[in-house]
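# Coordinate analysis (summary)
Listed below, chain by chain, are the residues.
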2 protein chains.
Amino acid sequence: MHIAIIGAAGMIGRKLTARLIADGGLGSRQITRLTLVDVIEPPLPRGFTGKVKARARDLSAPGAAEKIIARRPDVIFHLAAIVSGEAELDFDKGYRINLDGTRQLFEAIRAVHAEDGYRPRVVFTSSCAVFGSPFPTPIPDDFHLTPLTSYGTQKAISELLLADYTRRGIFDGIGIRLPTICIRPGKPNRAASGFFSGILREPLIGQEAVLPVPEDVRHWHASPRSAVGFLIHGATIDLTPVGADRSLSMPGVSATVGEQIEALRRIAGDKAVKLIRREPDELVMRIVAGWAQGFTATRARELGFVAENSFDEIIQVHIEDELEGRIA
Amino acid sequence: MHIAIIGAAGMIGRKLTARLIADGGLGSRQITRLTLVDVIEPPLPRGFTGKVKARARDLSAPGAAEKIIARRPDVIFHLAAIVSGEAELDFDKGYRINLDGTRQLFEAIRAVHAEDGYRPRVVFTSSCAVFGSPFPTPIPDDFHLTPLTSYGTQKAISELLLADYTRRGIFDGIGIRLPTICIRPGKPNRAASGFFSGILREPLIGQEAVLPVPEDVRHWHASPRSAVGFLIHGATIDLTPVGADRSLSMPGVSATVGEQIEALRRIAGDKAVKLIRREPDELVMRIVAGWAQGFTATRARELGFVAENSFDEIIQVHIEDELEGRIA
C-alpha cells in the first residue's frame, strides 16, 4: 500500500514515519511506497525496503496537492500546519497554509475521485485549540467549537470540510484532535505551551527549566508515542461507526502542573524537581487560562483510541523513547 | 449612515430594505445611503430620500466585494447565499458563493481596516442547517455544529470566519441563525421545507396545498417579520456581551405540523384545513427527519431577540403583511 505523510519533517511526522517503517505495514497491509512531504525536505528514512519519495513542497502552492495525489496514496496523513503562535502573528500565512492548503488537498482528491472513484483514507490532525473558554471540565464530545485563535479557527474549518467531503464519499476522513504533546523532545522553544514539557524534559537530563505559571494550572496531555498511535489507529479502523461528525477529541491525561511535578519527583527524585525555577509570566498565564483542562473523549475511547493513564507513564515513555532508558 | 445589503433582491432582503426605509433610520441614526446588491439587480426601493445604489454583482467575482466596501458602509447585512438544495447539487457553486464569497467580503473589509481602522458592523444570516441530527430537543446554545449538507457546512465555516475576524477587531460581526421562515410569501417552490409554509399560505387564499409528511413532524419557525427584526436588532445592539461565540440561534416557535394545522383552523376555519391534501413523500420525510425541532435560544433571548409565541401569531403576521388583513 502507498502512504503519504504531509508534514513529514515535523516531530510527529518523523515519529509516524519511523513507526510505520518499524511496523512494516498498516493494519494487515504491507507498505510498499511512502511519499513524504513537508515545506523542508523530510529526511529519507532508514530501513525501508519499499519505494520512498521525500519532497519539499508548500501544500498551498499551485499544483502541490495534485502532485501528492497523482500516485493515488491509499492513506494520507495530513499533519502539516503553521503553528498557533505563528498563525496568530501572520494572518495571511496561517489562512494560506492551514485553510487553503487543506482545502487544496481535499480538492485534489476530489478531482481524482471524479475521474475514477479514488477514495483514500485521510487522517487529519486537529487540535484542542478548536475549543475556547468558557467550557465545562471535562468537555463532552458534543460541545461547540469556539476557537479563540486563528489557528483554532483554521483547524475547526478544516474539520467541517473533512466531514463534508467524507459525507459526499470523496474520501474517508477522520480528524484527530490531539492533546498537548508531552514530553515534546528537543530543545526548549518559545511556544506558550513549551513549559509543560520543559519542566520535565530538562530536569530529566540534569538541566534547569522555567515554570511560568502556578502549580494549580490544569491541562490535557498525551505522549508523542500516543499521538502516533492515534494516527495509526485512525488510519486502520472502520470509520462507519464514527458517523457524520468526523473529528474526535482524543483521550489523554488531565493533570495540574503540581501533579506533573510530583510524577517527576517519584521517577527522578527531589534533585530533578529542584531544577524547576519559578518565574511567573503574566502573558503565558493569560494564554494558558483559556485552554481546555480535560475531555471525556468518550467517542474516541469507545472506538479504541488509547493514551497514557498517568503522568508517570508519560514520563516513562519519554525516558524509553528519547533517553534510551537513562535519566540524569 | 450608510447601509449595504448583500442579497437585497431575496425575500428577506426586500423586506429588510422596506423596513429600513419605513423606519428612516437604524437605532438612533438616520440612513443617508443604501447600497443594494444581489446576483440580479435589486429593485430600486420607493420612498427613500437618501442616496441609493442597486447593483447586480456576484459576490464571489473578483473585485465585487471591494466595490461594495469602497464607500465604507457602516453596517453590512450579508444575506446572500446559494440555497440548501442547490448547494447540495452543485458542489462548486455552493462553495464559491457561500464560502469564497463570504470570505472575499471579509477580506475586502480587512484591506480597508488595515488602511484606516474602518470597522463596520457585519450582520450575517446563518441557518439552523449548521446543526445535524442526532441532537437533543431543544438544542442548547453550546451544542456542536454537525451540518449534514454542504450548505450547512458553508454556513458553519462562515460563522467561524465571522468570529475570528471579529476577535481580531477587523469588524464587529454577528451571525443570526434563522429558524425556517414561515409563512414564506409567494408561490409554492420545490424546497424540501416549502410545505411548512404552503399548507398555510395556499389555504388562506382558498387554494389547495400538499402535505408530504405526517402531522407529528416538529420543526422550528419564525415569521419573515421576525427575521427582519432579528437582523435590525443584531445591527443595533451592543455586541460586547455576546463574547467570542458570535453566532446565535434565534428564538422561534417549535410546532408540529398538526399544531400548525390547528392554528390554521382557529383562524381560517375547517374549510381552509380541508384544502390540505395528504400526499406522503418519502424523500421529503427523510430530509426533514434530520432537521432541528427546537432551540433554547437562551443567549439570543437574553440579548433581546424576539419572535412569535405561537403559530396563531405567525399566521396573523402573514395575514397582516401579505394579505392586507383579509383571508379567503
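Every value quoted in this text rests on a predicted model; they were computed, and no experiment measured them. (Residues numbered from 1 in each chain as written. Chains lettered and ligands numbered in written order. Predicted model: local features only at pLDDT ≥ 70, side-chain atom pairs only at ≥ 80, totals over all residues. Heavy atoms only, no water.)

### Re the overall build of chain A
- Helices and strands together make up the secondary structure of chain A, namely 11 helices and 14 strands.
- The C-alpha atoms of chain A give 19 Å as radius of gyration, which agrees with the globular expectation for 328 residues (20 Å, within 12%).
- Projected onto the principal axes, the alpha-carbon positions of chain A cover approximately 60 × 45 × 40 Å.
- Buried positions account for 56% of the 328 residues belonging to chain A.
- Partitioning the intrachain contacts of chain A with sequence separation of at least 6 by distance along the chain shows that 76% fall at a separation of at least 24.
- Put simply, chain A shows about 13,500 Å² of open surface, and 51% of that area lies on carbon and sulfur atoms.
- Separation between the mean location of the 40 positive side-chain charges and that of the 39 negative ones in chain A comes to 6 Å. (Helix = DSSP H or I, 4+ residues; strand = E, 2+ residues; numbered from the N terminus. Rg over C-alpha atoms; globule rule 2.2 N^0.38 Å. Buried < 20%, exposed > 50% of the residue type's maximum accessible area, 1.4 Å probe, protein only. Contact = heavy atoms within 4.5 Å. Areas by Shrake-Rupley, 256 points an atom, 1.4 Å probe, with all protein chains shown as cover. Lys, Arg positive; Asp, Glu negative; His and termini not counted. Charge placed at Lys NZ, Arg CZ, Asp CG, Glu CD.)

### Observations concerning the packing of helix H6 (residues 194-204) of chain A against helix H11 (residues 311-322) of chain A
Residue and element names in this part refer to chain A.
- One way to put it is that H6 packs onto H11 with a least axis distance of 11 Å and a crossing angle of 50°. On the basis of the axis angle, H6 is oblique to H11. In this structure, the crossing between H6 and H11 has a hand that is right-handed. Residues Leu200, Arg201 and Leu204 of H6 form the contact with H11, whose own contacting residues are Phe311, Ile315, His318 and Ile319. (Axes fitted to C-alpha atoms, helices over the stretch in contact; angles between N-to-C directions. Parallel < 35°, antiparallel > 145°, perpendicular 65-115°, else oblique. Left-handed = near helix turned anticlockwise from the far one by under 90°.)

### Quick word on the UniProt feature "domain: NAD-dependent epimerase/dehydratase" (unreviewed entry) in chain A
- The positions UniProt marks with the feature "domain: NAD-dependent epimerase/dehydratase" (unreviewed entry) are residues 3-202 of chain A.
- Taken end to end, residues 3-202 of chain A has its terminal C-alpha atoms 35 Å apart, with 40% of it in helix and 20% in strand. (UniProt positions renumbered as here; feature names shortened; annotations may be inferred.)

### Focus: the sheet that holds strand S7 (residues 121-127) of chain B
Residue and element names in this part refer to chain B.
- A sheet is described by the order of its strands in space; here seven strands give the open sequence S5-S4-S1-S6-S7-S8-S12, paired in parallel fashion. The open sheet is flanked by strand S5 (51-56) and strand S12 (247-249), the only strands paired with a single partner. Direction aside, neighbouring strands of the sheet carry axes that sit 15° apart on average.
- Contacts from helix H4 (residues 91-116) reach strand S1 (2-6), strand S6 (75-78) and S7 within the one sheet, and its direction differs from that of S6 by about 170°.
- Against the sheet, helix H5 (residues 150-167) engages S7, strand S8 (172-178) and S12, with an angle of about 155° to S7. (Pairing = 2+ DSSP bridges.)

### Some words on the sheet that holds strand S11 (residues 218-222) of chain B
Residue and element names in this part refer to chain B.
- Spatially, the three strands line up as an open sheet ordered S9-S11-S13, and their pairing is mixed. Whereas interior strands pair on both sides, the edge strands pair on one side only; in this sheet they are strand S9 (180-181) and strand S13 (253-256).
- Inspection of the sheet shows S9 paired to S11 by two bridges, in the parallel sense. Considered in S11, the bridge of threonine 180 is made with histidine 221.
- Strand contacts of helix H8 (residues 257-273): S11 and S13, with the helix running at about 95° to S13, the strand carrying the most contacts.

### Examining the interface of chain A and chain B
- Contacts between chain A and chain B engage 32 residues on the former and 32 residues on the latter.
- Of the roughly 2,700 Å² buried between chain A and chain B, counting both surfaces, carbon and sulfur atoms make up 55%.
- Three residues stand out in chain A for area buried against chain B, namely Phe91, Leu160 and Arg168 of chain A, and they jointly supply 23% of the buried area on that side.
- Our enumeration of links across chain A and chain B arrives at eight salt bridges.
- The closest approach of N and O atoms between arginine 103 of chain A and aspartate 100 of chain B, which form a salt bridge, is 2.7 Å.
- For the pair chain A and chain B, the interface holds 24 residue pairs in polar contact (both at pLDDT 80 or more).
- For the side of chain A that touches chain B, the secondary-structure elements that each account for two or more residues are helix H3 (84-89), helix H4 (91-116) and helix H5 (150-167) of chain A.
- Tallied by class, residues from the side of chain A that touches chain B come to 15 nonpolar, five polar and 12 charged. (Buried area = accessible area lost by both parts, 1.4 Å probe. Salt bridge = Lys/Arg side-chain N within 4 Å of Asp/Glu carboxyl O. Polar contact = N/O pair within 3.5 Å; in protein donor to acceptor, adjacent residues only side chain to side chain. Nonpolar A, V, L, I, M, F, W, Y, C, P; charged D, E, K, R; others polar.)

### Focus on the pattern of salt bridges
- Under the defined criterion, the tally for this structure stands at 58 salt bridges over all chains.
- Put simply, arginine 225 of chain A and glutamate 320 of chain A hold a salt bridge, and the shortest N to O gap is 2.8 Å. You can see arginine 225 of chain A sitting in helix H7 (residues 224-236) and its partner glutamate 320 of chain A sitting in helix H11, a full 95 residues away along the chain.
- Residue classification places glutamate 320 of chain A among the partly exposed positions, given a relative accessible area of 48%.
- In this structure, arginine 265 of chain B engages aspartate 270 of chain B in a salt bridge whose closest nitrogen and oxygen atoms are separated by 2.7 Å.
- On the accessibility criterion, arginine 265 of chain B (32% relative accessible area) is partly exposed.
- Here the residues in one salt-bridge network are Glu88 of chain A together with Asp164, Arg167 and Arg168 of chain B, joined through shared partners.

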